[in-house]
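Chain and residue survey
What follows is each chain in one-letter form.
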Amino acid sequence: MTPLKLVVSGPVGAGKTTFIRSISQTEVVSTEEVSSEEIGKTHTTVALDFGQIDLGEHLLHIFGTPGQTRFDYMWDILSEGALGLIMLVPCDAPDEFPQARRILEYVVSRHPVEFIIGLTRTDLSANGWDVSDVAAYFGLPEHQVLAVDPQDAASARRAIHHLLQRI
Amino acid sequence: MAIYGSLNEFSLRDILTVIGGKSGVLTLDQQDGQILRLHIAESGVTRMSLERPVQARSEAIMLLRIFNQERSTFRFEAGDVDVPRQSFLRLSEVIESRPDTTIDERDLPHPKTLFLLIKARQVALPPDLDEFLGAAESMLATGASAERIARELGIAVNQARHHLQRLRQVKKVWPMQAHVDQLDHHQRQQRRSLGQRIASFFAR
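Comments concerning the overall build of chain A
Secondary structure assignment for chain A yields five helices and seven strands. Helices and strands appear in chain A in the N-to-C order β-α-β-β-β-α-β-α-β-α-β-α. Taking as baseline every contact in chain A between residues at least 6 positions apart, the subset at least 24 positions apart corresponds to 67%. Element-wise, carbon and sulfur atoms account for 50% of the exposed surface of chain A, whose accessible area totals about 6,300 Å².

As structure tokens, this is what we get:
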């Protein structure tokens, strides 16, 4: 059975680890450590998160990248051979958008991966950017950006379905 | 919902691109309490004020440059604004200005991001940028990063990043999308077929 690979990326606090935990059929391997920098949370991913889904014909491996720039060498390692990329972006943290755009352009220019933007925290914040404004910022058509709740397995599955339909 | 953030992270060019054709008021709020307000409608600035109305175009452009460099926050509230017969500053004048030598560090790409030449786009370039493009054109035709261009041309990586960003501003180069630009028709078909097969799993 040939495993397929999906990458979940994004800046710190976007919900990458939560997203993978909500859809993985196996216990998620996480490399979380106590954060040594002031990043707004106590623990952060330092190498990768890993989960998997058995699709019958294939295994789908889901990798989460670290959000901090100092781990950017992992973006290449984890994106190599990936089928698609979901870039999670918290709608109420616009100061993280430039970093998300930098990661996205870096990865999709170097690896042949289809991608979507998953806009998170839309349910928690009445004061976030909306889908059309985020799409304009990333220079993407609106249908390539969708609201995602990483804690909700159905929402995470919808995001993956949306991505796969674009391939 | 509002469009907001910090000018530490966003360039004014990016903000105005997102605002695009919307109508409303853009507020740039400096830490020292000075507030610049831009009334925007029909892709133009219809009114600008900094405690008092700003009427001269040259003053408006100067103020935008100053606020763009300061540690300010911005907030755009959409809504109706008065639309005079003529905008006094078009947003496109700020967004698509000639690629001068001043580049926003916030906009610089990652040194390894690959850029592709947009051959069909004809644009007049300043001599130094024209010279850079002439030297890097063959690399950019198939996709090249600032890091590679700098190595091949014997220039600093940061200089190559600046040049690429200036070329990007006038849409002469654009970040590559490898799944479109590198995969051939057969590879794309294979992927599409695989994607469709496994997509059904997530539709349940």
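What about the pairing of strand E1 (residues 3-6) of chain B?
The side chains of a regular strand alternate, first on one face of the sheet and then on the other. All names here are of chain B. Burial of the side chains of E1 extends over both faces: Ile-3 and Gly-5 are buried on one face and Tyr-4 and Ser-6 on the other. With four bridges joining them, E1 and strand E6 (residues 72-78) adopt antiparallel strand pairing. By the bridge assignment, Gly-5 is partnered in E6 with Phe-74.

Comments concerning the packing of aromatic side chains
Summed over the entire model, instances satisfying the criterion amount to eleven aromatic pairs over all chains. For the pair Phe-97 of chain A and Tyr-137 of chain A, a centre-to-centre distance of 6.0 Å together with 45° between the ring planes defines the contact as tilted. Of this pair, Phe-97 of chain A sits in helix H3 (residues 97-110) while Tyr-137 of chain A sits in helix H4 (residues 131-138), and the two are 40 residues apart along the sequence. Each member of the pair, Phe-97 of chain A as well as Tyr-137 of chain A, carries the same accessibility label: buried. Here the aromatic rings of Phe-97 of chain A and Phe-10 of chain B are separated by 6.2 Å at their centres, their planes lie at 75°, and the arrangement is edge-to-face. Remark: Phe-10 of chain B occurs in the loop between E1 and helix H1 (12-19) and Phe-97 of chain A occurs in helix H3; the pair is interchain, linking two chains. Overall, Phe-10 of chain B belongs to the buried group, its relative accessible area being 0%. Members of the aromatic cluster, joined through ring pairs, are Phe-97, Trp-129, Tyr-137 and Phe-138 of chain A together with Phe-10 and Phe-74 of chain B. Just above the ring of Phe-63 of chain A sits the side chain of Lys-5 of chain A; from NZ or CZ to the centre is 5.4 Å.

Examining the interface of chain B and chain A
Taken together, the 40 residues of chain B in the interface contact 45 residues of chain A. Interface area, chain B with chain A, both sides summed: about 3,900 Å², of which 58% is carbon and sulfur. Together, Met-1, Tyr-4 and Phe-202 of chain B form the three largest contributors to the area buried by chain B at its contact with chain A, with a combined 19%. Put simply, chain B and chain A have four salt bridges between them.

Examining the domain arrangement of chain B
One widely used convention gives an interface's size as the accessible area the parts lose upon coming together. All names here are of chain B. Splitting chain B by domain gives domain 1 (2-96) and domain 2 (106-180). The C-alpha centroid of domain 2 is placed 29 Å from the C-alpha centroid of domain 1. With nine residues of domain 1 at the interface, the matching set in domain 2 holds four residues. Across the domain 1/domain 2 interface, buried area totals approximately 510 Å², and carbon plus sulfur atoms make up 30% of it. For the pair domain 1 and domain 2, the interface holds one residue pair in polar contact (both at pLDDT 80 or more). Within the side of domain 1 that touches domain 2, the residues separate by chemical class into two nonpolar, three polar and four charged.

With respect to the side chain of Ser-72 of chain B
Residues and elements named next belong to chain B. Mapped onto the elements of the fold, Ser-72 is located in strand E6. Classification of Ser-72 by relative accessible area gives buried; the value is 1%. Contacts of Ser-72, omitting those with residues within four sequence positions, involve Ser-6, Leu-7, Asn-8, Asp-29, Gln-30 and Phe-67.

With respect to the packing of helix H1 (residues 16-23) of chain A against helix H5 (residues 153-166) of chain A
Residues and elements named next belong to chain A. Look at H1 against H5: their axes get within 9 Å of each other, and the N-to-C directions meet at 100°. As judged from the angle between their axes, H1 and H5 are roughly perpendicular. Contacts between H1 and H5 involve Phe-19, Ser-22 and Ile-23 from the first element and Ala-153, Ala-156, Arg-157, Ala-159 and Ile-160 from the second. In terms of residue class, the contact of H1 with H5 is made up of six nonpolar, one polar and one charged.

A look at the pairing of strand E1 (residues 3-9) of chain A
Residue and element names in this part refer to chain A. Within E1, six of the seven residues are buried, which leaves it mostly tucked inside the rest of the structure. As judged from the six bridges shared by E1 and strand E4 (residues 59-64), these two strands associate in the parallel manner. For Leu-6, the partnering residue across the bridge sits in E4 and is Ile-62. Bridge count for E1 against strand E5 (residues 84-90) is four bridges, and the pairing is parallel. Bridge pairing in E5 links Leu-6 to Gly-84.

Section: the pattern of salt bridges
Across all of its chains, the model carries ten salt bridges over all chains by this definition. Between Glu-105 of chain A and Arg-168 of chain B there is a salt bridge whose closest N-O contact spans 2.6 Å. Highlighted residues: Glu-105 of chain A in helix H3 and Arg-168 of chain B in helix H6 (residues 157-169), drawn from two different chains. Here Arg-166 of chain B and Asp-128 of chain B are joined by a salt bridge, their closest N and O atoms 2.9 Å apart. Taken together, the residues span a long stretch of sequence, with Arg-166 of chain B in helix H6 and Asp-128 of chain B in helix H4 (residues 127-142) at a distance of 38 residues. The exposure class of Asp-128 of chain B is partly exposed, given its relative accessible area of 32%.

Procedures and definitions
Residues numbered from 1 in each chain as written. Chains lettered and ligands numbered in written order. Predicted model: local features only at pLDDT ≥ 70, side-chain atom pairs only at ≥ 80, totals over all residues. Heavy atoms only, no water. Helix = DSSP H or I, 4+ residues; strand = E, 2+ residues; numbered from the N terminus. Contact = heavy atoms within 4.5 Å. Areas by Shrake-Rupley, 256 points an atom, 1.4 Å probe, with all protein chains shown as cover. Buried < 20%, exposed > 50% of the residue type's maximum accessible area, 1.4 Å probe, protein only. Pairing = 2+ DSSP bridges. Phe/Tyr/Trp six-rings, centres within 6.5 Å; stacked < 30°, edge-to-face > 60°. Lys NZ or Arg CZ within 6 Å of the ring centre and 35° of its normal. Buried area = accessible area lost by both parts, 1.4 Å probe. Salt bridge = Lys/Arg side-chain N within 4 Å of Asp/Glu carboxyl O. Domains from an automatic or database assignment. Polar contact = N/O pair within 3.5 Å; in protein donor to acceptor, adjacent residues only side chain to side chain. Nonpolar A, V, L, I, M, F, W, Y, C, P; charged D, E, K, R; others polar. Axes fitted to C-alpha atoms, helices over the stretch in contact; angles between N-to-C directions. Parallel < 35°, antiparallel > 145°, perpendicular 65-115°, else oblique.

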